[in-house]
Amino acid sequence: MLPIVLSLVGLFILLLVVLIATRPAEFRISRSAEIAAPPRAVFEHVNDFHAWEAWSPWAKLDPACKLRYEGPPSGVGAVYGWSGNSKVGQGQMTITDSKPGELVLIRLEFLRPFKCTNTAEFRFAPGGGRTKVTWSMLGRKNFLTKAFGLFCNMDKMVGGDFEKGLAQMKAIAERR
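The following paragraphs examine the structure supplied in this document. This is a predicted model, so every value here is computed, not measured. Throughout, a residue's number is its position along its own chain's written sequence, starting from 1. Per-residue local features are limited, in this predicted model, to residues with pLDDT of at least 70; the limit for side-chain atom pairs, both in listing and counting, is 80 or more; totals at the level of whole chains, interfaces and linings are taken over all residues. In computing side-chain properties, one takes all heavy atoms of the structure into account and sets aside hydrogens as well as water.

1. Concerning the sheet that holds strand β3 (residues 79–83)
Here is the rule: Strands pair, by our definition, only if DSSP identifies at least two bridges between them. Here a helix means four or more residues in a row that DSSP labels H or I, a strand means two or more in a row labelled E, and each is numbered from the N terminus. For every element, the axis is a line fit to its C-alpha atoms; helices are fit only across the contacting stretch, and the angle between N-to-C directions ranges from 0 to 180 degrees. Throughout, a residue-residue contact means that at least one pair of heavy atoms, one from each residue, lies within 4.5 Å.
Across the sheet, 7 strands lie side by side as β1-β7-β6-β5-β4-β3-β2; this open sheet has antiparallel pairing. The sheet terminates laterally at β1 (26–35) and β2 (66–70), the two strands that pair on one side only. Strand after strand, the sheet turns through a mean of 20 degrees between neighbouring axes, direction not considered. In this sheet, strand β5 (residues 103–112) lies alongside strand β4 (residues 90–99) in antiparallel orientation, the contact comprising 9 bridges. Its bridge partner lying in β5, Ser98 is registered against Val104. Contacts between helix α2 (residues 39–47) and the sheet are confined to β1, β4, β5, β6 (116–127) and β7 (130–140), with β6 contributing the most and set at about 165 degrees to the helix. This element, helix α4 (residues 154–175), spans β1, β6 and β7 of the sheet and lies at about 25 degrees to β1.

2. Considering the packing of α2 against α4
Applicable threshold: Oblique is the label for every angle not falling under 35 degrees (roughly parallel), over 145 degrees (roughly antiparallel), or within 65 to 115 degrees (roughly perpendicular). If you view the pair so one helix is near and one far, a crossing is left-handed when the near helix is turned anticlockwise from the far one by less than a right angle, and right-handed when it is turned clockwise. All amino acids are sorted into three groups, where Ala, Val, Leu, Ile, Met, Phe, Trp, Tyr, Cys and Pro are nonpolar, Asp, Glu, Lys and Arg are charged, and the leftover types, Gly among them, are polar.
Close contact between α2 and α4 brings their axes to 10 Å; oriented N to C, the two are set at 130 degrees. As summarised for this structure, α2 and α4 are arranged oblique, according to the angle between their axes. Here α2 runs over α4; the crossing is right-handed. When α2 is examined against α4, the residues Val42, His45 and Val46 are found in contact with a partner set consisting of Met169, Ile172 and Ala173. Its residues assigned to classes, the contact of α2 with α4 comprises 5 nonpolar, 1 polar and no charged.

3. Regarding the pattern of salt bridges
Put simply, the test is: In the sections that follow, a salt bridge refers to a side-chain nitrogen of Lys or Arg positioned within 4 Å of a carboxyl oxygen of Asp or Glu. Only protein chains enter the calculation, and the probe is 1.4 Å; a residue is then buried if its accessible area is under 20% of its type maximum, exposed if over 50%, and partly exposed in between.
Scanning the model with the defined rule gives 9 salt bridges in all. With its nearest N and O atoms 3.1 Å apart, the salt bridge here joins Arg31 to Asp155. Remark: Asp155 occurs in helix α4 and Arg31 occurs in strand β1; sequence separation between them is 124 residues. Asp155 sits in the partly exposed class, given a relative accessible area of 31%. Between Arg123 and Glu121 there is a salt bridge, with its nearest N and O atoms 3.4 Å apart. With relative accessibility at 9%, the residue Glu121 sits in the buried group. Through salt bridges with shared partners, one network takes in Arg28, Glu121 and Arg123.

This is how it looks when you write it as C-alpha cells:
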C-alpha cells in the first residue's frame with residue numbers, strides 16, 4: 001500500500017511541476033482611466049516622483065515609510081526609493097524613458113518582501129479634451145511566481161491597486 005501512495009504522491013508532484021513550468025513566462029497587468037485634463041497635466045503627476053505621495057495607492061499604507069529621492073527632480077534618471085513595513089516592503093523606481101504627454105517608463109525593483117525587477121509603464125492618450133491614462137506593469141515570472149499564480153490572481157491583486165491609484169490621480173488632476 002505504501003509504495004502505491006508514494007507513487008501517487010510522486011505523480012501528483014510531477015504533474016504539478018509540469019503544470020507550473022508550462023505557465024506563461026511573461027505577465028502584463030494594465031488598468032486605464034479617463035481624466036478630464038490635458039495629457040501634459042496628467043503626465044506631470046507621474047513624471048515627478050515627488051507628486052506620487054498624493055495619488056499612489058501605497059503611499060498611505062505606512063506613515064513611517066522612509067523615502068529617498070535621487071537624481072534629477074523629474075524625468076529620466078529620477079529615482080524614488082522606499083523602505084517600510086510589510087505592506088509596502090522595500091524597493092526603488094527609476095525613470096528610464098519620459099516623453100512629455102505620451103509615456104513614462106520606470107524600472108521597478110522590489111527588494112523586500114521578495115526580489116524582482118519589472119517595468120512600470122504609463123501611457124497618455126488625448127481624446128475629446130480628456131486623457132486616457134494606462135498604467136501597466138510587465139515582467140517575467142520565475143518558477144516560484146508561476147506557482148504563486150496558481151493560487152493567487154496577481155491581476156486582481158495589483159489591478160485593484162492600479163484602479164485606486166488612477167482614481168486618486170483623476171481626482172487630483174481634475175481639481176486643478
